[in-house]
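# Observations on the model geometry
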Amino acid sequence: MSIETLDTPRPPARPVPARDAAARFLSRWGLVIGFVILWQVAGRAGWVSPAVFPPLDKIAVALWQGLSSGALIDDIAISLQRAGTAFLAAVALGIPLGLAMGQLPAVERALDPLLQFFRQTSALALYPVFILLLGLGEASKVFVIFWATLFPILLATIGGVKEVDRKLIEMARSYGANHLQVFRRVILPASIPAIFVGLRLSATTALLLLIAAEMIGANKGVGFQVMNAQYNFQIPLMFAAIFLLAFLGLAANGVLVALQRRLCRWSATDR
């Protein structure tokens, strides 16, 4: 290679054409935009009954009125408190127990039959039992959400530990690492992506069970507002509460994805 070739500057990178950026945007969000436009036009043009599917602008007005008056703010706070308490309790129990079951065969053999039995039992089917034991107060609502969110975290943690490359563990031990060092430096970091998959599934499950828990024996919460608006035929407010729950789920997922990217920079996370 000649000196002239080495000294020749590289051409600057070509900017991404605006057409390509627009194509990528539409490929990701085109269906969502089309769905929103179709809903609005269908409601305004009378293709569907506005009493059943009100136009999105009416739903947006109902959402803004609920937020500006503070009524929905109180419901959001109560719902987040219920779901957050149950989710944090599931994390506090599920991750340590999953790490223990994934590493210790004796613990897994002892607990796996019980785990398989309970995880096949629907939390909603057990909700009347929780109400009988704990009453209609906050305890039964939090516990049914905790019950449903525990198993995705627990199973994902067990699977993450078992999927750690055995060669990495053997290599660490060959360099003199003890059991605690192998756990801290190899097993736990390698299990974090799988654990976050369980966390994201559990966060979604927490919001789903929150709706069911607040529809029975509650007088506050976003789920209660969905049922209350339906009973009073306030359909725009009902859809506003439903969309609000969806936004809360997206926000929770976004927080967990951002946290995973920060803790697992070596592991690509696109969603």
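Here is a short report on the structure shown in this document. (Residues numbered from 1 in each chain as written. Predicted model: local features only at pLDDT ≥ 70, side-chain atom pairs only at ≥ 80, totals over all residues. Heavy atoms only, no water.)

Helix and strand counts for the protein come out as 11 helices and zero strands. Helices and strands in the protein line up, N terminus first, as α-α-α-α-α-α-α-α-α-α-α. In terms of overall dimensions, the protein is more spread out than a globule: its C-alpha atoms have a radius of gyration of 25 Å, far above the 18 Å expected for 271 residues. Dimensions of the protein along its principal axes, counting C-alpha atoms only, are 75 × 65 × 30 Å. Here the analysis covers contacts within the protein between residues at least 6 apart in sequence; of these, 67% occur between residues at least 24 apart. Accessible surface for the protein amounts to roughly 16,700 Å². Of this, 67% is attributable to carbon and sulfur atoms. (Helix = DSSP H or I, 4+ residues; strand = E, 2+ residues; numbered from the N terminus. Rg over C-alpha atoms; globule rule 2.2 N^0.38 Å. Contact = heavy atoms within 4.5 Å. Areas by Shrake-Rupley, 256 points an atom, 1.4 Å probe, with all protein chains shown as cover.)

Further remarks concern the layout of surface pockets. In this structure, the largest pocket occupies an estimated 410 Å³ of space. Surrounding the largest pocket, 14 residues form its lining, Val32, Val36, Phe243, Phe247 and Leu250 being those nearest its centre. For the lining of the largest pocket, the elements supplying multiple residues, two or more each, are α2 (18–45), α3 (56–69) and α11 (235–263). Tallying contributions element by element places α2 first for the lining of the largest pocket, with six residues. (1 Å grid on protein atoms, 1.4 Å probe; cavity = no way out; pocket = protein on both sides within 12 Å on 5 of 7 lines; lining within 4 Å. Points joined across faces, edges and corners; volume = space filled by probe spheres on them.)

What follows covers the environment of Leu256. Mapped onto the secondary structure, Leu256 falls in helix α11. Taking the C-alpha atoms as reference points, Leu256 and Leu199, 57 residues apart in sequence, are found 7.6 Å from one another.

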